[in-house]
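A closer look at the structure
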Amino acid sequence: MNPREAVSMAVRSIRSHRLRSVLTVLGIVIGIASVVTFATFGASVEAEVLGDLEGSGANNVYVFASPEDDDGFDRAVQPLFTAYDVNQIRDIDGVRAVVPQGIVQVSAVTHGNETVARQQVTATVPETFSNGSTVAGRPFELGAAEAVVNEEAATGFRENLSVGDELRLELSDGGARNVTVVGIVNGTAGELPVGGFGQQPRIYVPADPFYRTVVESPTVGVNQLAYPQVTVVADPARTEAVEQSVAAYLANESDAGQLKSDDVELVARTSGDFAEQIGDVIGQITRFVTGIAVIALVVGAIGIANIMLVSVTERTREIGIMKAVGARNRDVMQLFLFEAALLGLAGSAVGVPLGLVVGWAATRYAEVSFALAPVWMALAVAVGVLVGVVSGLYPAWRAARVDPIDALRHE
Amino acid sequence: MGSASAAPVVELADVRKTYYVGGVVEAMAGVSLSLDAGSYTAVMGPSGSGKSTLLNLVGGLDTPDEGRVTVDGRDLSTASEDELAAVRGTDVGFVFQTFNLMPRLTAVENVALPLVFDGWGRADRTERARELLEDVGLGDRLSHLPTELSGGQRQRVAIARALATDPAIILADEPTGNVDTETGDRIMALLGELHADGHTILLVTHERRIAEHAERIVHVRDGTIERIEDLGDR
Ligand SMILES: Nc1ncnc2c1ncn2[C@@H]1O[C@H](COP(=O)(O)OP(=O)(O)O)[C@@H](O)[C@H]1O
Ligand SMILES: [Mg+2]
């Protein structure tokens, strides 16, 4: 029998049981839509996060302490990296700049007659602004009573900050300092590229004179400024080598290595490392959730198989008639297989767009931009048809084997 | 159709068939019979004597346990499933007591069904089905579903279907069993025309009056041939 005839007969048979067919297809629709939804949402989140990472310096090596057995997302705030370490790292081949970052505890920041409560400002060096993200003004100078703010901080006041404005910082040790805003930036080289979605408001002040955290350097034996985090700006062609050298230095000779407690680990990571790590985690979550959605698909498949089996029993006599007028086993098989495959295809045809719409809505809700997961989508359609075929296989085989004599006696 | 030469188109040689459903039933207990091309044979016997079994064996719907069934020179006892399907599709045409029409297909589609499996295109087979329905007097019922037709009309659709692939042999199992006498006569007249056209006809009935339309009557009882009664050329 011509496959086109088989398709047209299968379509007829599906249409003659409209409600039943719709209900059967519904199972597949839900399964496919769930898979597409989760896969699309996962791909969107991943694209968003990785996009953020790509935006930050690919030639930066981030140095920080991380609790062991951790994925490294927690920023340990222990000040471990001494001025000695900073200098040693600066001497490593291929290093262009070293940007230490520390935290200065404050209780409030005043602009004009508006005071906002803040826990901390970031103490760092002018090199942190060397990544070309300055929006207005210039970097601060070390030793000066100056500050740089990011755009989020600049717009965080009722009256937007602009270059030249005065800020009053209430330090948590009781004192207060006036600083002049000299620059507005959009991200810095010093920040870890894992700030989450969107940037936090930040105020940057010069390490000298604001940063006061000191520890005794085990190597030099005197009190030195010590930072919880250091960013190494490397020669772009040698980022990997620098990463390795820095890691080797940290492991072997650093003050930080001697100061750290046993349960933390010193790590040097590039943004590529972060991207890989985050991609892995998101990929794992996506696969897990999508896997659960696949269960829905399996349930849908069982629905098709069930209906096809009922259908074979119901149509036993018709199968007998077809065989009596010359239908071969494979013709009968084809009819039922096509019917099942069409149900699966219909499920995909409705399920994929539905999944995309729900996935899109989820990205709106989570405020990430929408990205397609074409491989998963193609897979979903293939799986839909496959599910139809596989679940139709046994019923079709049963149909093909129907004995015409028994079938014609069947009521 | 070819002329009524004396060459046998169907031969049964010591055919046996036993069913084991709910006890052992020897439906065919050693039957030998041959049908000449263009002949008209009736099989008569009480209910359960094995008439339908005989017909089904000749039509390739069933296969013998022992013995040989030869149709058009092809031995059905060793034929594959596909070969049996081909026999059912093109060598013989079945007419059943209960019509056995596809309930969701129209008259034209029912008649065209054997042609679907024989690989005909849609236009050709619709045309052929229409002609056949006109030949059996149903030119005005082409698009009716079986439920919209009377018993006699349904049986005529079934006869048209049996003729679709132009088989040499027509197998009719109690074709008048479900219609009134007058309609039955009309069906028998149609079979007579087919015989006149050169078809070989094997008719199963338990009514003497119906069997007398044939050239000879094969009397069966308990799965064996009791006697063969020759009615002469009519
Ligand atoms: N498919 C079958 N399964 C079991 N028994 C059958 C089957 N077909 C026929 N029989 C039995 O074989 C015997 C002959 O049946 P059948 O040829 O239909 O008789 P008839 O057509 O003369 O009434 C009966 O006893 C019937 O019950
Ligand atoms: Mg019978």
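Scroll up to find the structure.
Residues numbered from 1 in each chain as written. Chains lettered and ligands numbered in written order. Predicted model: local features only at pLDDT ≥ 70, side-chain atom pairs only at ≥ 80, totals over all residues. Heavy atoms only, no water.

**Side note on the site of ligand 1**
The immediate surroundings of ligand 1 are formed by 15 residues, with Arg409 of chain A together with Gly48, Lys51, Ser52 and Thr53 of chain B found nearest. More than one chain reaches ligand 1: the nearby residues come from chains A and B. Within the backbone of glycine 50 of chain B, a nitrogen or oxygen atom sits 3.0 Å from an oxygen atom of ligand 1. Here lysine 51 of chain B contributes a backbone N or O atom positioned 2.9 Å from an oxygen atom of ligand 1. Protein burial of ligand 1: of its 550 Å² of free accessible surface, 78% is covered by the chains. Put simply, ligand 1 lies in the largest pocket. Sorting the residues of the shell around ligand 1 by element identifies helix H12 (404-409) of chain A together with strand E2 (25-36) and helix H1 (51-58) of chain B as the ones contributing at least two each. Of the residues belonging to the shell around ligand 1, the class tally is six nonpolar, six polar and three charged. (Near = heavy atom within 4 Å. Polar contact = N/O pair within 3.5 Å; in protein donor to acceptor, adjacent residues only side chain to side chain. Areas by Shrake-Rupley, 256 points an atom, 1.4 Å probe, with all protein chains shown as cover. 1 Å grid on protein atoms, 1.4 Å probe; cavity = no way out; pocket = protein on both sides within 12 Å on 5 of 7 lines; lining within 4 Å. Sits in = over half its atoms within 2 Å of the grid points. Helix = DSSP H or I, 4+ residues; strand = E, 2+ residues; numbered from the N terminus. Nonpolar A, V, L, I, M, F, W, Y, C, P; charged D, E, K, R; others polar.)

**Here's the deal with the side chain of asparagine 150 of chain A**
Residues and elements named next belong to chain A. For asparagine 150, the position within the fold is in strand E7 (residues 146-150). On the basis of relative accessible area, asparagine 150 is assigned to the buried category, the value being 1%. At 2.9 Å, the side chain of asparagine 150 and the backbone nitrogen of alanine 153 are in polar contact. For asparagine 150, the contacting residues outside a window of four places in its chain are Ile184, Val185, Gln200, Pro201, Arg202 and Tyr204. (Buried < 20%, exposed > 50% of the residue type's maximum accessible area, 1.4 Å probe, protein only. Contact = heavy atoms within 4.5 Å.)

**What about the pairing of E7 of chain A?**
Residues and elements named next belong to chain A. Counting buried positions along E7 yields five of five residues, so the element is predominantly enclosed. Side chains Glu146, Val148 and Asn150 of E7 all project onto a buried face; the interleaved residues Ala147 and Val149 project onto the opposite face, where all are buried too. By the bridge criterion, five bridges tie E7 to strand E9 (residues 176-185) in an arrangement that is parallel. From the neighbouring strand, glutamate 146 faces E9, where its bridge partner is threonine 180. Summarising the sheet, E7 and strand E10 (residues 203-206) pair through two bridges and their orientation is antiparallel. (Pairing = 2+ DSSP bridges.)

**Observations regarding the sheet that holds strand E12 (residues 223-227) of chain A**
Consider a sheet: its strands pair through backbone hydrogen bonds, and that pairing is either parallel or antiparallel. Residues and elements named next belong to chain A. Across the sheet, which stays open at both edges, the three strands sit in the order E2-E12-E11 with antiparallel pairing between neighbours. What marks the edges here is a single partner per strand, and that holds for strand E2 (81-82) and strand E11 (214-216). In this sheet, E12 lies alongside E2 in antiparallel orientation, the contact comprising two bridges. The partner of phenylalanine 81 across the bridge, within E12, is tyrosine 227.

**Overview of the packing of helix H9 (residues 316-324) of chain A against helix H10 (residues 329-366) of chain A**
Residues and elements named next belong to chain A. Interaxial distance between H9 and H10 falls to 10 Å at its minimum, and their mutual angle equals 140°. Taken together, H9 and H10 sit at an angle that is classed as oblique. Seen from above, H9 lies across H10 with right-handed handedness. Taken together, the residues of H10 that come into contact with H9 (itself represented by Ile319, Met322 and Lys323) are Asn329, Val332, Leu335 and Phe336. When grouped by side-chain class, the residues that make up the contact of H9 with H10 number five nonpolar, one polar and one charged. (Axes fitted to C-alpha atoms, helices over the stretch in contact; angles between N-to-C directions. Parallel < 35°, antiparallel > 145°, perpendicular 65-115°, else oblique. Left-handed = near helix turned anticlockwise from the far one by under 90°.)

**Remarks on the sheet that holds strand E5 (residues 74-75) of chain B**
All names here are of chain B. Sheet architecture is open: four strands sit in the order E2-E1-E4-E5, paired in antiparallel fashion. With partners counted over all chains shown, the strands left at the sheet margins are E2 and E5, one partner each. As paired strands, strand E1 (residues 8-19) and strand E4 (residues 66-71) are joined by five bridges and run antiparallel to one another. Across the sheet, valine 10 pairs through a bridge with valine 71, a residue of E4.

**Considering the interface of chain A and chain B**
Residue-level contacts link 26 residues of chain A with 26 residues of chain B. Linking chain A with chain B are five salt bridges, by the criterion used here. For aspartate 82 of chain B, the salt bridge goes to arginine 330 of chain A, with nearest N and O atoms at 2.5 Å. Linking chain A to chain B there are nine residue pairs in polar contact (both at pLDDT 80 or more). Of all the elements in the fold, those that place two or more residues in the side of chain A that touches chain B are helix H1 (3-16), H9, H10 and H12 of chain A. Among the residues forming the side of chain A that touches chain B, the class breakdown is ten nonpolar, six polar and ten charged. (Salt bridge = Lys/Arg side-chain N within 4 Å of Asp/Glu carboxyl O.)

**A closer look at the environment of alanine 145 of chain A**
Residue and element names in this part refer to chain A. Relative to the assigned elements, alanine 145 resides in the loop between strand E6 (134-137) and E7. Once the C-alpha coordinates of alanine 145 and alanine 341 are considered, the two residues, 196 residues apart in sequence, prove to be 74 Å apart. Contact partners of alanine 145, with chain neighbours within four places excluded, come to Arg177, Asn178, Val179 and Thr180.

**Here we look at the nonpolar core**
Ile319, Met322 and Phe336 of chain A together with Val10, Leu12, Leu113 and Leu171 of chain B are the most contacted members of the largest nonpolar core, which totals 72 residues. If you tally residues by element for this core, the top one is H10 of chain A, at eight residues. Formed by 44 residues, the second largest nonpolar core is a distinct cluster that contains Val232, Ala234, Tyr249 and Ala256 of chain A. (Core = buried A, V, L, I, M, F, W, Y, C linked by side-chain atoms within 4.5 Å.)

**Here we look at the environment of alanine 162 of chain B**
All names here are of chain B. Locating alanine 162 in the fold gives a position in helix H5 (residues 151-162). The sequence separation of alanine 162 and alanine 112 amounts to 50 residues, and the corresponding C-alpha distance is 9.9 Å. If near-sequence neighbours (up to four positions away) are discounted, alanine 162 is found in contact with Gly93, Phe94, Val95, Pro167 and Ile170.

**Observations regarding the layout of surface pockets**
With a probe scaled to a water molecule rolled over the atoms, the places where space remains empty come into view. Reported here for the largest pocket is a volume of approximately 960 Å³. Arg409 of chain A together with Ser52, Thr53, Asn56 and Asp173 of chain B are the residues nearest the centre of the largest pocket, which is lined by 32 residues in total. For the lining of the largest pocket, the secondary structure elements donating two or more residues are H12 of chain A together with E2 and H1 of chain B. Across the lining of the largest pocket, the residue classes break down as nine nonpolar, twelve polar and eleven charged. (Points joined across faces, edges and corners; volume = space filled by probe spheres on them.)

**Side note on the pairing of strand E10 (residues 224-230) of chain B**
Regular strands place their side chains on alternate faces of the sheet. Residues and elements named next belong to chain B. Sheet analysis places strand E9 (residues 216-221) next to E10, joined by six bridges and oriented antiparallel. Paired with valine 218 across the strands is isoleucine 228, a residue of E10. Here E9 folds back onto E10, and the loop between the two strands holds two residues, one of which, aspartate 222, carries a positive phi near 50°.

**Observations regarding a negative patch on the surface**
Residues and elements named next belong to chain B. Taken together, Glu131, Glu134, Asp135, Glu193 and Asp197 make up a surface patch of like negative charges. For the negative patch, the element with the highest residue contribution is helix H4 (residues 122-135), accounting for three residues. Among the secondary structure elements, glutamate 193 is positioned in helix H6 (residues 181-196). (Patch = residues over 30% accessible without salt bridge, like charges linked within 9 Å, V, L, I, M, F, W, Y side chains within 5 Å. Lys, Arg positive; Asp, Glu negative; His and termini not counted. Charge placed at Lys NZ, Arg CZ, Asp CG, Glu CD.)

Shape is all these values report; function is a separate question.
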